[in-house]
Amino acid sequence: LSSCLSFSPCFNLAGCLVAETEQANPPAIVSTSLMMPTPSLTNVSSTTPLRRRPSFHLTRQKRLLLAMSTLALFGIGMYIWIDAALKVNNSHNESSSHLERVLETHDLPTENDPIVEKPDLIISAVQPASLSMVEEFLLSLAQKNPSDLWTLFGKDQIDESTYGEDPFSLKYLEKGICPWTDPKITQRNGKNIDITVDWLPPKPLHSQQIAEKFRTKYALKNEETEQMIASVKIGRKTVELSDPFDEVILWYEHLSKAGGTSFCEIVNSNMPRLMVPRYHCMPRKGEFIDGRVGSWSNAELIQHTREELHRVVSNEWDPFDLNKLVMSGRNINNFGSSNSVDGSGTQKEKLPPGPNLLFVTTLREPCDRLLSAYTFFAITSTKNENPPTFQQWTTSNVNRCKNYKPGTRSAYRSNTARMNHIVWRFSGGSLPHLPTDEDMKSERGRAVRRSEFPPPVTDEKVWVPSFKTSVRALANHDLILPMDVMTKDEGKEAFRRLLGWNRIEIRKKKYKKLPESSNGQVVTVGGVKNSNARESLDEDEYRALWERNWLDNILFLWSRAVFFARLHCNVDES
């Protein structure tokens, strides 16, 4: 057997065993009378004896050898299979490592990068969700303990580039990568992929139609526009005005210390001068130079359009008037059409008569905005030599909020210090200004009060209705712009797409004594200050402030993700 295994070219174990059996037990010679002639074997003598086919019987030793040989062949097969699997896994790891290198360098893949083959992969446009689905997604986050959100959003890490569990995919979106369609990230195979993002709302009803009208009529400072407004006498007589029912007004919802001055400067760089109110884009009314347009009725705003050429207005001091959505054919619940955010309607509605409103706002990181408001209103603008601490200023203003009345001077600046200001603003001012007694007495409340900040409101009856309303109001805005990208490439592209603006610049001459921040922010008094709350406050104070504003933090990050998703992804808005 050993000799046969060594020299047999076919490595036939069964044949070797037969040969050995024949050698050990030679066959007997049978009688010639039993032999049958074989016509095909012509060269064989009829007297040649035939061998009797022996019975194939293996000894115990031979059966053991056969079993060992079979196991050896099985082991070789397993080795080949495992080696192939490891090669496939290494290829996947190399692709994943390359993606991480791309993200770390903030660069998109180039033509020299390795390509992950994805046969028959057809990536469709990203599908927005219904507003009910978006609301449910955000509410599920808001119902978490603020301390859990702190970890969920990666705030437990000092590095600001840490995203935690990243529920809004900002790790990719902020770097210009669409995480649902980029072939370096998606691993889906097949055809006609339908990708619905649970937190991405559709664009508001009539948004494209109103924006197109605005771009056509007001976007460029061309000679025809200048000649038209030159023939109009402002303040006394209105001459040769276009049809007021065909007008569009840019409504800017201005959160104090969130880039409003910079935005108004960009407006002045792109629109005719007489179409922009002189005082920070806020129209005058009576004794108020800042107009308080947020407290105007729709009829008052329409009348103002017929008397003045102003085609942009800014609301800084009052909460967002939800009834203004009607002027663009929208409402807070749904849009009343098959293209509504709820998809509940059956027929598209026509754009209502003008003036129509195009809604724009800028948002800032909530804690940074609060610190900036304190610096400006408690120190810079008052020139107070002995200013209150940040915590003292916040507590004092929150206590004064109960005296606020829309459209008046009564405690109107106190709203700048409100916790969860975004929710208060876009809920129409319905969010209470103080937490509940139940929470003030809780262990959590006492811990937060030690840092002089009011505790989060745990009673959902207090904040859930206001939170839902603010989500729907923000979803009805045509553009929600993160303040830090306003003058960067992303902001420029957003302005160009919606408004047709190409001059994204600040008039240096007007603010020549005021330094600009890295994001193009300017202020009216005292210059730009460092308003990074995490750097300015100690860790315990910062965390207490962040958790107290847990609702605003959710809306800020969500709005930021919506902005980048619409910018970098092919969103189906049909």
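Residues numbered from 1 in each chain as written. Predicted model: local features only at pLDDT ≥ 70, side-chain atom pairs only at ≥ 80, totals over all residues. Heavy atoms only, no water.

**Q** What should I look at first to understand the overall build of the protein chain in this one?
**A** The secondary structure content of the protein chain amounts to 20 helices and 6 strands. The buried share of the protein chain, reckoned over its 574 residues, is 48%. Of the contacts formed within the protein chain by residues at least 6 apart in sequence, a portion of 75% connects residues at least 24 apart. Per element, the accessible surface of the protein chain, about 30000 Å² overall, is 52% carbon and sulfur. (Helix = DSSP H or I, 4+ residues; strand = E, 2+ residues; numbered from the N terminus. Buried < 20%, exposed > 50% of the residue type's maximum accessible area, 1.4 Å probe, protein only. Contact = heavy atoms within 4.5 Å. Areas by Shrake-Rupley, 256 points an atom, 1.4 Å probe, with all protein chains shown as cover.)

**Q** Is there a simple way to explain the state of the cysteines in this structure?
**A** Here, the word disulfide means a covalent bond between the sulfur atoms of two cysteines. By the definition in use, this model includes 2 disulfides. What pairs with C178 in a disulfide is C569, and their sulfur atoms sit 2.1 Å apart. The S-S bond linking C178 to C569 shows a torsion near 115 degrees; that makes this disulfide right-handed. Within this pair, whereas C178 is found in the loop between α6 (170-173) and β2 (193-197), its partner C569 is found in the segment after α20 (550-568), the two being separated by 391 residues in sequence. Neither residue differs from the other here; C178 and C569 are each classed as buried. Note that C264 is cross-linked by a disulfide to C281, the S-S spacing being 2.0 Å. Given an S-S torsion of about 100 degrees, the disulfide between C264 and C281 has right-handed geometry. With C264 in helix α9 (residues 260-270) and C281 in the loop between α9 and α10 (298-307), this residue pair connects regions lying 17 residues apart in the sequence. (Disulfide = S-S within 2.5 Å.)

**Q** Which parts of the structure should I look at to understand the pattern of salt bridges?
**A** All chains considered together, the criterion is met by 15 salt bridges. In this structure, the salt-bridge partner of R560 is D484, at a minimum N-O distance of 2.8 Å. In this pair, R560 sits in helix α20 while D484 sits in the loop between β6 (479-482) and α17 (489-499), placing the two residues 76 residues apart along the sequence. Two residues, R534 and E539, come together in a salt bridge whose shortest N-O distance is 3.3 Å. Take R534: its relative accessible area is 12%, and that puts it in the buried class. Taken together, the salt bridges that share partners define one network made up of E174, D484 and R560. (Salt bridge = Lys/Arg side-chain N within 4 Å of Asp/Glu carboxyl O.)

**Q** I tried to follow the packing of aromatic side chains on my own but got confused; where do I start?
**A** Ring pairs (aromatic) are described by centroid distance and by the angle formed between their planes. Enumeration over the complete set of coordinates arrives at 23 aromatic pairs. Members of the aromatic cluster, connected to one another through ring pairs, are F137, W150, F153, F168, W180, W199, Y542 and W546. Its end group placed over the ring of F376, K257 keeps NZ or CZ at 4.0 Å from the ring centre. The lysine or arginine in question, R292, covers the ring of Y412, its NZ or CZ lying 4.3 Å from the ring centre. (Phe/Tyr/Trp six-rings, centres within 6.5 Å; stacked < 30°, edge-to-face > 60°. Lys NZ or Arg CZ within 6 Å of the ring centre and 35° of its normal.)

**Q** Explain the sheet that holds β6 here, please?
**A** Sheet strands pair via backbone hydrogen bonds, and the direction of the pair is either parallel or antiparallel. The 4 strands lie next to each other as β4-β3-β5-β6, forming an open sheet whose pairing is parallel. Sheet topology places β4 (312-315) and β6 at the edges, where each strand pairs with a single neighbour. Put simply, the sheet's adjacent strands are angled 20 degrees from each other on average, direction ignored. Note: strand β5 (residues 356-363) against β6, 4 bridges, orientation parallel. Looking at β6, one finds that T361 is bridged to I480. Lying on the sheet, helix α7 (residues 207-218) is in contact with β3 (248-253) and β5; it crosses β5 at an angle near 95 degrees. (Pairing = 2+ DSSP bridges. Axes fitted to C-alpha atoms, helices over the stretch in contact; angles between N-to-C directions.)

**Q** What am I meant to see in α10 here?
**A** The complete set of buried residues in α10 reads N298, L301, H304 and T305. Down the axis, α10 shows its buried residues gathered within 120 degrees of arc, on one side only. The inward-facing, buried residues of α10 contact β3 and β5. (Arc of directions from axis to C-beta.)

**Q** I'm lost on the side chain of S147 in this one. Help?
**A** As for its placement among the helices and strands, S147 is situated in helix α5 (residues 146-152). Engagement of the side chain of S147 in a polar contact is seen with the side chain of N145, the distance being 2.7 Å. When sequence neighbours within four positions are dropped, the list of residues in contact with S147 reads R543 and E547. (Polar contact = N/O pair within 3.5 Å; in protein donor to acceptor, adjacent residues only side chain to side chain.)

**Q** Whenever I open this one, the environment of R413 confuses me. Can you help?
**A** Here R413 shows up in the loop between α12 (390-400) and α13 (421-426). On a C-alpha basis, the gap between R413 and D318 in space is 9.6 Å, while along the polypeptide they are 95 residues apart. In contact with R413, not counting residues within four places along its chain, are W317, F377 and N397. Looking at R413, its side chain comes within polar contact range of the side chain of Y412, at 3.4 Å.

**Q** Which parts of the structure should I look at to understand the pairing of β4?
**A** Look at any regular strand and the pattern is simple: side chains alternate between the two faces of the sheet. Covered by surrounding structure in β4 are V312 and S314 together with V313 and N315, the residues of both alternating faces. Of the pairings in the sheet, the one linking β3 to β4 comprises 4 bridges and is parallel in character. When the sheet's bridge partners are listed, L250 is paired in β4 with V312.

**Q** Got a minute to help me understand the confidence of the model for the protein chain in this structure?
**A** Atom-level detail of predicted coordinates should not be read off regions where pLDDT is low. In the predicted model, the protein chain carries a mean pLDDT of 75, and 65% of its residues have values of at least 70. Segment residues 188-192: pLDDT under 50, and 14 contacts once partners within four positions in sequence are set aside and those in other chains are kept. For residues 335-347, every residue scores under 50 in pLDDT, and the model assigns this stretch 40 contacts once sequence neighbours within four places are set aside. (pLDDT = per-residue confidence, 0-100.)

**Q** What should I look at first to understand the packing of helix α4 (residues 131-142) against α20 in this one?
**A** Helix-helix packing is characterised by the crossing angle of the two axes and by the distance between the axes. Following both chains from N to C, one finds α4 and α20 inclined at 140 degrees, their axes separated by 10 Å at the closest point. With respect to α20, the axis of α4 lies oblique. Along this stretch, α4 crosses α20, giving a crossing that reads as right-handed. Listed contacts from α20 to V134, L138, L141 and A142 of α4 are W550, L551, I554, L555 and W558. Classifying every residue of the contact of α4 with α20 gives 9 nonpolar, no polar and no charged. (Parallel < 35°, antiparallel > 145°, perpendicular 65-115°, else oblique. Left-handed = near helix turned anticlockwise from the far one by under 90°. Nonpolar A, V, L, I, M, F, W, Y, C, P; charged D, E, K, R; others polar.)

**Q** Just checking my understanding: could you explain the packing of helix α16 (residues 460-475) against α20 for this structure?
**A** α20 packs onto α16 with a crossing angle of 20 degrees between their chain directions and a minimal axis gap of 12 Å. By the angle between their directions, the pair α16 and α20 is classed as roughly parallel. Two packed elements cross with a definite hand, and for α16 against α20 that hand is right-handed. Residues W463, F467, S470, V471, L474 and A475 of α16 form the contact with α20, whose participating residues are W550, L551, I554, L555, W558 and S559. Its residues assigned to classes, the contact of α16 with α20 comprises 10 nonpolar, 2 polar and no charged.

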